[in-house]
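# Structural features, examined
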Amino acid sequence: MMNPPSDPTGTLPAYHVLFYCMGNICRSPTAHGVFEARVRQAGMAAQVRVDSAGTHGYHVGAPPDARSQAHALRRGYDLSGQRARQLTAGDFERFDLVLAMDWDNLALGEQLCPPEHRRKLRRFAEFFQRFEHTVVPDPYTGGPAGFELVLDLVEDGSEGLLRHVRQQLQPGG
């Protein structure tokens with residue numbers, strides 16, 4: 001798990017977002033890196049913590065897929081410091097919003113999520129602004145176009161998600 005951004009005031013971030021997919025090496029680390037960059041650009045790094053995980057433990061401890069890293073880096077996002085980890089039931093307690101990349105992983109998250117935290121579990125695609133996709137498709141077995149599509153969708157969804165997080169951080173949000 002990534003450490004929260006440093007905060008000289010000693011206060012913890014006010015809102016925690018977790019992205020998850022199957023293996024935590026393609027889609028969720030891309031979303032993690034892009035959204036974290038958007039949060040920094042918005043001057044909200046001290047308030048928002050971002051992380052990612054996978055429903056399966058296939059790649060625990062591994063860096064994001066080299067193709068995900070290469071495509072992200074071409075757009076200015078460095079994913080190299082991330083390491084895969086598995087989604088846990090405790091994540092639903094620690095995070096304010098837990099975002100699945102597709103329907104299958106949403107179903108797996110629903111099985112793991114304690115009932116009292118079910119409201120935190122959503123699909124990342126709900127935040128898309130321009131795209132009509134209902135999921136972020138897995139690019140793992142495809143070619144370069146799949147990784148570019150993931151970035152397009154994640155950049156789009158990050159805009160809607162940032163707007164949502166800003167609303168949540170408002171008094172009474």
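For the structure, check the block above.
What counts and what doesn't
Residues numbered from 1 in each chain as written. Predicted model: local features only at pLDDT ≥ 70, side-chain atom pairs only at ≥ 80, totals over all residues. Heavy atoms only, no water. Phe/Tyr/Trp six-rings, centres within 6.5 Å; stacked < 30°, edge-to-face > 60°. Helix = DSSP H or I, 4+ residues; strand = E, 2+ residues; numbered from the N terminus. Buried < 20%, exposed > 50% of the residue type's maximum accessible area, 1.4 Å probe, protein only. Salt bridge = Lys/Arg side-chain N within 4 Å of Asp/Glu carboxyl O. Arc of directions from axis to C-beta. Contact = heavy atoms within 4.5 Å. Polar contact = N/O pair within 3.5 Å; in protein donor to acceptor, adjacent residues only side chain to side chain.

Where two aromatic rings form a pair, the distance of their centres and the angle of their planes describe that pair. Within the structure shown, the criterion is met by three aromatic pairs. When the ring of Phe-19 is compared with that of Phe-35, the centres are 5.9 Å apart and the planes differ by 75 degrees; the resulting orientation is edge-to-face. Residue Phe-19 is found in strand E1 (residues 15–21), and its partner Phe-35 is found in helix H1 (residues 27–41); the two are separated by 16 residues along the sequence. Here Phe-35 falls in the buried class, since its relative accessible area comes to 0%. Judged by centre distance (5.1 Å) and plane angle (85 degrees), the ring pair of Phe-19 and Phe-124 falls under edge-to-face. Taken together, the positions of Phe-19 in strand E1 and Phe-124 in the loop between strand E4 (121–123) and helix H5 (144–169) put the pair 105 residues apart, joining distant regions of the chain.

Moving on, we come to the pattern of salt bridges. Following the criterion strictly, the structure yields twelve salt bridges and no others. Linking Arg-38 and Glu-159 is a salt bridge whose minimum nitrogen-to-oxygen distance equals 2.5 Å. Here Arg-38 is found in helix H1, whereas its partner Glu-159 is found in helix H5, with 121 residues between them in sequence. For Arg-38, a relative accessible area of 14% gives the class buried. Across the pair Asp-156 and Arg-130 runs a salt bridge whose closest N-O atoms are separated by 3.3 Å. You can see Asp-156 sitting in helix H5 and its partner Arg-130 sitting in the loop between E4 and H5, a full 26 residues away along the chain. Take Asp-156: its relative accessible area is 0%, and that puts it in the buried class. The class for Arg-130 is exposed, based on a relative accessible area of 58%.

If you check which residues of helix H2 (residues 66–74) are buried, you get Ser-68, His-71 and Ala-72. Looking straight down H2, one finds that the buried residues subtend no more than 100 degrees of arc, so they occupy a single side. The exposed residues of H2 that point more than 90 degrees off its buried face are Ala-66, Leu-73 and Arg-74. On its buried face, H2 is in contact with H1 and H5. The backbone nitrogen of Arg-67 lies 2.7 Å from a side-chain oxygen of the residue at the head of H2, namely Asp-65.

To continue, consider helix H4 (residues 103–112). Within the sequence span of H4, burial applies to Asn-105, Leu-106 and Gly-109. Here the buried residues of H4 occupy an arc of 105 degrees about the axis, which is enough to place them on one side. Set apart from the buried face of H4 by more than 90 degrees, the exposed residues are Asp-104 and Gln-111. Each element contacted by the buried residues of H4 is listed here: E1, H1, helix H3 (91–94), strand E3 (97–100) and E4. Residue Asp-102 occupies the N-cap position of H4, its side-chain oxygen lying 3.3 Å from the main-chain nitrogen of Asp-104.

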